[in-house]
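Inside the fold
So you can see what is in the structure, the chains are spelled out below.
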2 protein chains.
Amino acid sequence: MKRRTKKERQQLLLQTIEENPFVTDEQLAVQFNVSVQTIRLDRMELSIPELRERIKDVAEKNLENEVKSLPLDEVIGEIIDIELDARAISIFDVKEEHVFQRNGIARGHHLFAQANSLAVAVINDELALTVRANVLFSKPVKAGDRVITKATVRGQNTEKNRTYIDLISTVNNSVVFKGEFEMYRTKGKGENDETSY
Amino acid sequence: MKRRTKKERQQLLLQTIEENPFVTDEQLAVQFNVSVQTIRLDRMELSIPELRERIKDVAEKNLENEVKSLPLDEVIGEIIDIELDARAISIFDVKEEHVFQRNGIARGHHLFAQANSLAVAVINDELALTVRANVLFSKPVKAGDRVITKATVRGQNTEKNRTYIDLISTVNNSVVFKGEFEMYRTKGKGENDETSY
DNA sequence: CTGGTGTTAGTACCAAGTGCTAATACATAT
DNA sequence: ATATGTATTAGCACTTGGTACTAACACCAG
C-alpha cells in the first residue's frame, strides 16, 4: 500500500465508509497504512461519527423506511381533511426518491398515486375502483415541494354505480395537476349510513 | 411497577425488545423493576443478543432493503423489449402489497405507474415528462397476475415537443388497462444530436 | 434442614471508541 | 541554521454497554 497524501486519504476514507459503514478504525488504519490515531483525526475533520453511531444511523434510517414504506403503499399522501362522498384534502411531501435524478422533477405516477388514493378514500364505500382517469400534469413538481390535493365529488350515475371526482393538486397555490376520475362503487351515495360515524 | 413472575417478565421482555431494539439492559431493568443482572440472565435464556448486536442486525436488514426498494422506485415493471421512439413492453407481477386488503384488487396507481414508467422509457430523450393521460381500467387485476404492458408511439407534434403514446396492459391476453399519454420531451424524434436547449 | 430456583452484587475483562497531552518527522520560510 | 507549521504517532485515562464468572441471599418445597 502506497502512502497517500492527507487529502487523498480522506477522500478515500469518505468513500470507504460510505460503502461500508461497518468498518472499524483499526481496519481502516491497516487499509491506509497509517495509525489508528490518524484515522480518528481524519474522522474528526470530516465529521464522520464512530462505528457504533454509524450503525445506529443506518438502523434508524431503516426503521423509518419501514414506517414509511408500508403506509406509502397503502395510501399515498396524508389525508388531512375528509367529508365522505363530498370532498377531501391530502398533502404529499415530494422527496428525493420521487424525482428523476436527471432533472429533479417528480415522476408523474407519484402525483397520480396521491390523487388516486384520495379519490378512493373520499368514497364512502367498502369497494371503490378507478374506472377511468383523465389527468393533466400542468407544471413540474420538484423535491421539497409540498403537494396539496383537493378532491371534489362532482356527481353520480347510480344505475352504473359510478362516481365522478375532480382533483386539483397545487404547490404554493399554483396548480400542478388536474384530474377527472370515474370511480366504480358497489353501493350508491347515502346507502351506507346505517352506521353513522 | 408491580413485580411480575419470571415468565411474565420474559414474555414482556421479548415484546419490548421487538418493538424497540434500541433499549439498553439498564433501561429494561428500571422498566421491570429488577436488577440489570436479571435482565442479562433473561436475555441469555431467551437468546436475545446484546444492544449493539441488535442494532447491527437492524442495520444489516435495512441495507438489504435498500437494494430492493431503490430499483422498485426507479421503474415500475421490468422492461423486456424496447425500440426507442417506437414501442416497448414491460411486465409487472402483482403482489399482495399492491392490492386492497379488502377485495384483493390491485390499486389503480400501480397499473398507472407501470404504464407511465414505460411511456417515459420508450422516449429516446434525456427529458420526458407526462403532460396528460387518459386511462381506462377495464378489468380488475388481482395479486398473482402478471401484467404485460405494451407501449406504441403514435405520433408527434414537433412544434410543441409532444409525443403521443398508446398503452395497453393485459393479463392472460385479456385487456385490463388502456391509456393514451401525451408526453413532453426536449428534442424531437431523431434530433438527439443537436443541442437545441 | 437441605435443595432448587430466582435474584442481586461485585469483579475482571472486552470492543471501540472519546479527549487530551506529548513527542516526532519533515518541509517551508525567514 | 533556526523557527514555524502541518502531519503523524504514541500513550493514558475514561466511557458505554456489554460478557463471563463467582458469591451471596431469599424463599419455597420436600
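Quick notes on the rules
Counting restarts for each chain, with residues numbered from 1 along the sequence as it is written. Whichever chain is written first becomes A and whichever ligand is written first becomes 1, with later ones labelled in order. It should be noted that, the model being predicted, local features are given only for residues of pLDDT at least 70 and side-chain atom pairs only at 80 or more, the latter also being counted only at that level, while totals for whole chains, interfaces and linings use all residues. Hydrogens and water are ignored here; the side-chain numbers use all heavy atoms of the structure. UniProt positions are given in the numbering used here, feature names are shortened, and annotations may be inferred rather than shown by experiment. Secondary structure elements are taken from DSSP: a helix is a run of H or I of four residues or more, a strand is a run of E of two residues or more, and numbering for both begins at the N terminus. Partly exposed describes any residue whose relative accessible area lies between the buried limit of under 20% and the exposed limit of over 50%, with all areas from a 1.4 Å probe on protein chains only and scaled to the type maximum. Surface accessibility follows the Shrake-Rupley procedure with a 1.4 Å probe radius. Residue values consider only the protein chains on display as shielding. Among the buried residues, those of types Ala, Val, Leu, Ile, Met, Phe, Trp, Tyr and Cys that are joined through side-chain atoms within 4.5 Å form a nonpolar core. The contact rule is simple, with two residues in contact once any of their heavy atoms fall within 4.5 Å. Whenever Lys or Arg places a side-chain nitrogen within 4 Å of a carboxyl oxygen from Asp or Glu, that contact is recorded as a salt bridge. Here a polar contact is taken to be a pair of N or O atoms separated by no more than 3.5 Å, where protein atoms must pair a possible hydrogen donor with a possible acceptor and residues adjacent in sequence count only if both atoms sit in side chains. Between any two strands, pairing holds if DSSP finds at least two bridges. An axis is simply a line fitted to the C-alpha atoms; with a helix, the fit covers only the stretch in contact. Between two such axes, the angle follows the N-to-C directions and lies from 0 to 180 degrees. Under the convention adopted here, Pro, Cys and the residues Ala, Val, Leu, Ile, Met, Phe, Trp and Tyr are nonpolar, Asp, Glu, Lys and Arg are charged, and Gly plus all remaining residues are polar. Here a helix's expected span is defined as the number of its residues, less one, multiplied by 1.5 Å. For this classification, under 35 degrees means roughly parallel, over 145 means roughly antiparallel, 65 to 115 means roughly perpendicular, and everything else is oblique. Any pair of Phe, Tyr and Trp rings, taking the six-membered ring for Trp, is counted once the centres come within 6.5 Å. Such a pair is stacked with planes under 30 degrees apart, edge-to-face with planes over 60 apart, and tilted for the rest. In this description, one arc is meant: the one made by directions from the helix axis to the C-beta atoms.

The name that an unreviewed UniProt entry assigns to chain A is Transcription factor FapR, with the source organism given as Ureibacillus acetophenoni. UniProt lists a comment for chain A under the heading Function (unreviewed entry), and it reads "Transcriptional factor involved in regulation of membrane lipid biosynthesis by repressing genes involved in fatty acid and phospholipid metabolism." According to the UniProt record, the Sequence similarities (unreviewed entry) comment for chain A is "Belongs to the FapR family."

1. Brief notes about the overall build of chain A
A count of helical and extended segments in chain A gives five helices and six strands. Reading chain A from its N terminus to its C terminus gives the helix and strand order α-α-α-α-β-β-α-β-β-β-β. In chain A, which comprises 197 residues, the proportion classed as buried is 42%. In the structure as shown, chain A presents an accessible area of about 11,200 Å², 49% of it carried by carbon and sulfur atoms.

2. Here's the deal with the nonpolar core
Core analysis: the largest hydrophobic core is formed by 70 residues, its most contacted members being Val135(A), Ile165(A), Phe181(A), Val135(B), Ile165(B) and Phe181(B). In contact with Val135(B), not counting residues within four places along its chain, are Phe112(A), Val131(A), Arg132(A), Ala133(A), Asn134(A), Phe112(B), Phe177(B), Lys178(B), Gly179(B) and Phe181(B).

3. A short note on the pattern of salt bridges
All names here are of chain A. Applying the stated criterion across every chain, the model contains 22 salt bridges over all chains. Residues arginine 40 and aspartate 25 are paired through a salt bridge, measuring 3.0 Å at the closest nitrogen-oxygen approach. One end of the pair, arginine 40, is in helix H3 (residues 36–45); the other, aspartate 25, is in helix H2 (residues 25–32), and 15 residues separate them in sequence. What makes arginine 40 partly exposed here is its relative accessible area of 43%. One network of salt bridges, in which partners are shared, links Asp25, Arg40 and Arg43.

4. A look at the side chain of Asp85(A)
Residues and elements named next belong to chain A. Here aspartate 85 is to be found in the loop between strand S1 (78–83) and strand S2 (87–93). Of the residues examined, aspartate 85 reaches a relative accessible area of 8% and is grouped as buried. A polar atom in the side chain of aspartate 85 sits 2.3 Å from the side chain of arginine 185.

5. Some thoughts on the sheet that holds strand S2 (residues 87–93) of chain B
Picture the strands of a sheet paired through backbone hydrogen bonds; they go either parallel or antiparallel. Pairing is antiparallel in the open sheet, where 12 strands are placed in the order S1(A)-S2(A)-S4(A)-S5(A)-S6(A)-S3(A)-S3(B)-S6(B)-S5(B)-S4(B)-S2(B)-S1(B). One side of each edge strand has no neighbouring strand; the edge strands of this open sheet are S1 of chain A together with strand S1 (78–83) of chain B. In this sheet, neighbouring strand axes are inclined to one another by 20 degrees on average, regardless of whether the strands run parallel or antiparallel. Note: S2(A) against strand S4 (residues 146–157) of chain A, seven bridges, orientation antiparallel.

6. Remarks on the interface of chain B and chain A
Counting residues at the interface gives 42 residues for chain B, matched by 41 residues for chain A. Linking chain B with chain A are zero salt bridges, by the criterion used here. Our enumeration of links across chain B and chain A arrives at six residue pairs in polar contact (both at pLDDT 80 or more). It is helix H4 (residues 51–74) of chain B that provides the largest number of residues to the side of chain B that touches chain A, a total of 12 residues. When the residues that make up the side of chain B that touches chain A are grouped by side-chain class, the tally is 19 nonpolar, 11 polar and 12 charged.

7. Here's the deal with the side chain of Thr149(A)
Residues and elements named next belong to chain A. Tracing the sequence through the fold places threonine 149 in strand S4. A polar contact of 3.1 Å, which involves the side chain of threonine 149, links it to the side chain of glutamine 114. Residues in contact with threonine 149, not counting those within four places in the same chain, are Ala88, Ile89, Ser90, Gln114, Ala115, Leu118, Leu167, Ile168 and Ser169.

8. Some points on helix H5 (residues 108–122) of chain A
Helix length check: H5(A) (15 residues) gives 21 Å between terminal C-alpha atoms against 21 Å at 1.5 Å per residue, within 8%. Within H5(A), 14 of the 15 residues are buried, which leaves the element mostly enclosed by the surrounding structure.

9. Overview of the packing of helix H2 (residues 25–32) of chain B against helix H3 (residues 36–45) of chain B
Residues and elements named next belong to chain B. It is the contact of H2 with H3, at a shortest axis distance of 8 Å, that shows an interaxial angle of 105 degrees. In this view, H2 runs roughly perpendicular relative to H3, as classed from their interaxial angle. Facing H2, whose interface residues are Asp25, Glu26, Leu28, Ala29 and Phe32, H3 presents Val36, Ile39, Arg40 and Arg43. Partitioned by chemical class, the residues of the contact of H2 with H3 number five nonpolar, no polar and four charged.

10. Structural notes on the packing of aromatic side chains
If you walk through the whole model with that rule in mind, you get five aromatic pairs over all chains. Note on Phe112(A) and Phe181(A): the rings are 5.4 Å apart at their centroids and 35 degrees apart in plane angle, and the pair reads as tilted. Here Phe181(A) lies in strand S6 (residues 174–185) and Phe112(A) lies in helix H5, a separation of 69 residues in the sequence. Note on Phe137(B) and Phe177(B): the rings are 5.2 Å apart at their centroids and 70 degrees apart in plane angle, and the pair reads as edge-to-face. Of this pair, Phe137(B) sits in strand S3 (residues 128–137) while Phe177(B) sits in strand S6 (residues 174–185); the two residues are 40 residues apart in sequence, bridging distant segments of the chain. Taken individually, Phe137(B) and Phe177(B) each receive the classification buried, so the pair is uniform in this respect. An aromatic cluster of at least three residues, connected via ring pairs, comprises Phe112(A), Phe181(A), Phe112(B) and Phe181(B).

11. So, the pairing of strand S5 (residues 162–171) of chain A
Residue and element names in this part refer to chain A. The buried fraction of S5 is high, at seven of 10 residues. Once S4 ends, the chain turns through four residues before running back antiparallel as S5, passing asparagine 161 with a positive phi of about 55 degrees. Connecting S5 to the next strand, S6, in antiparallel fashion are two residues, including asparagine 172 with a positive phi near 50 degrees.

12. Observations concerning H3(A)
Residue and element names in this part refer to chain A. Listed in full, the buried residues belonging to H3 are Ile39, Asp42 and Arg43. Seen end-on, H3 carries its buried residues on one side only, within an arc spanning 100 degrees. The exposed set on the far side of H3, more than 90 degrees from its buried face, consists of Gln37, Leu41 and Met44.

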